[in-house]
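As a plain string of letters, each chain reads:
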Amino acid sequence: MKQTALITGLIAALALTGPGHAADCYADYKAKQDNPLRLHYGVAQISQCSKSAAKAELSARLASRGWTLLNIVSVFDESGLAERKQSAGPNYLRF
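Remember, it's a predicted structure, so these values are computed and weren't measured experimentally.

### As for the packing of aromatic side chains
Two descriptors summarise a pair of aromatic rings, namely the distance from one centre to the other and the angle between the planes of the rings.
Stage number 1. Overall, the coordinates contain one aromatic pair when judged by the stated rule.
Stage number 2. Judged by centre distance (6.1 Å) and plane angle (20 degrees), the ring pair of Y26 and F76 falls under stacked. Note that Y26 is positioned in strand β1 (residues 26–33) and F76 in strand β3 (residues 68–76), a separation of 50 residues in sequence.
Stage number 3. Over the aromatic face of F76 sits the side chain of R84, whose NZ or CZ is 3.7 Å from the ring centroid.

Below, the structure is given as structure tokens:
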């Protein structure tokens, strides 16, 4: 019984810490569409603060809307959002 309560408590604690951590992670990226060729720079919220995780997550998101991820420029926290907002334009937190 104690083990069940402990496991349930740990699962609840992990569930509560996950979204709070995700809110602080962002990536800026470059993407393209073909026929006709279109390029864009964007900023997106991601769930894990690493380039490899951002690449996997954003590749899928962008592909579902017809875009191909070219590269992850950087991964950063909330302090980097304001300086990138103007450059990202309509692709600021779009994907």
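Still more to cover.
### Some thoughts on the state of the cysteines
Stage number 1. Following the criterion strictly, the structure yields one disulfide and no others.
Stage number 2. Two residues share a disulfide in this structure: C25 and C49, whose sulfurs sit 1.8 Å from each other. An S-S torsion of about -100 degrees defines the bridge between C25 and C49 as left-handed. Highlighted residues: C25 in the loop between α1 (2–22) and β1 and C49 in the loop between β2 (38–45) and α2 (51–63), separated in sequence by 24 residues.
Stage number 3. When its relative accessible area of 0% is taken as the criterion, C25 is described as buried.

### What to know about the side chain of Q33
Stage number 1. Positionally, Q33 belongs in strand β1.
Stage number 2. One polar contact links the side chain of Q33 to the main-chain carbonyl oxygen of G66, over a distance of 3.3 Å.
Stage number 3. Ignoring any residue separated from it by four or fewer positions in sequence, one finds Q33 in contact with R38, R65, G66 and W67.

### Focus: the nonpolar core
A general feature of soluble globular proteins is that nonpolar side chains tend to end up buried together.
Stage number 1. In this structure, A27, Y29, I46, L58, L62, L69 and I72 are the most contacted members of the largest nonpolar core, which totals 13 residues.
Stage number 2. Elements supplying a minimum of two residues to this core: β1, α2 and β3.
Stage number 3. If we skip the residues at most four places from it in the chain, L58 touches A27, Y29, A44, I46, L69 and I72.
Stage number 4. Counting residues in each nonpolar core, the second largest holds five residues, with Y26, F76, L81 and A88 among its members.

What counts, and at which threshold
Residues numbered from 1 in each chain as written. Predicted model: local features only at pLDDT ≥ 70, side-chain atom pairs only at ≥ 80, totals over all residues. Heavy atoms only, no water. Phe/Tyr/Trp six-rings, centres within 6.5 Å; stacked < 30°, edge-to-face > 60°. Helix = DSSP H or I, 4+ residues; strand = E, 2+ residues; numbered from the N terminus. Lys NZ or Arg CZ within 6 Å of the ring centre and 35° of its normal. Disulfide = S-S within 2.5 Å. Buried < 20%, exposed > 50% of the residue type's maximum accessible area, 1.4 Å probe, protein only. Polar contact = N/O pair within 3.5 Å; in protein donor to acceptor, adjacent residues only side chain to side chain. Contact = heavy atoms within 4.5 Å. Core = buried A, V, L, I, M, F, W, Y, C linked by side-chain atoms within 4.5 Å.

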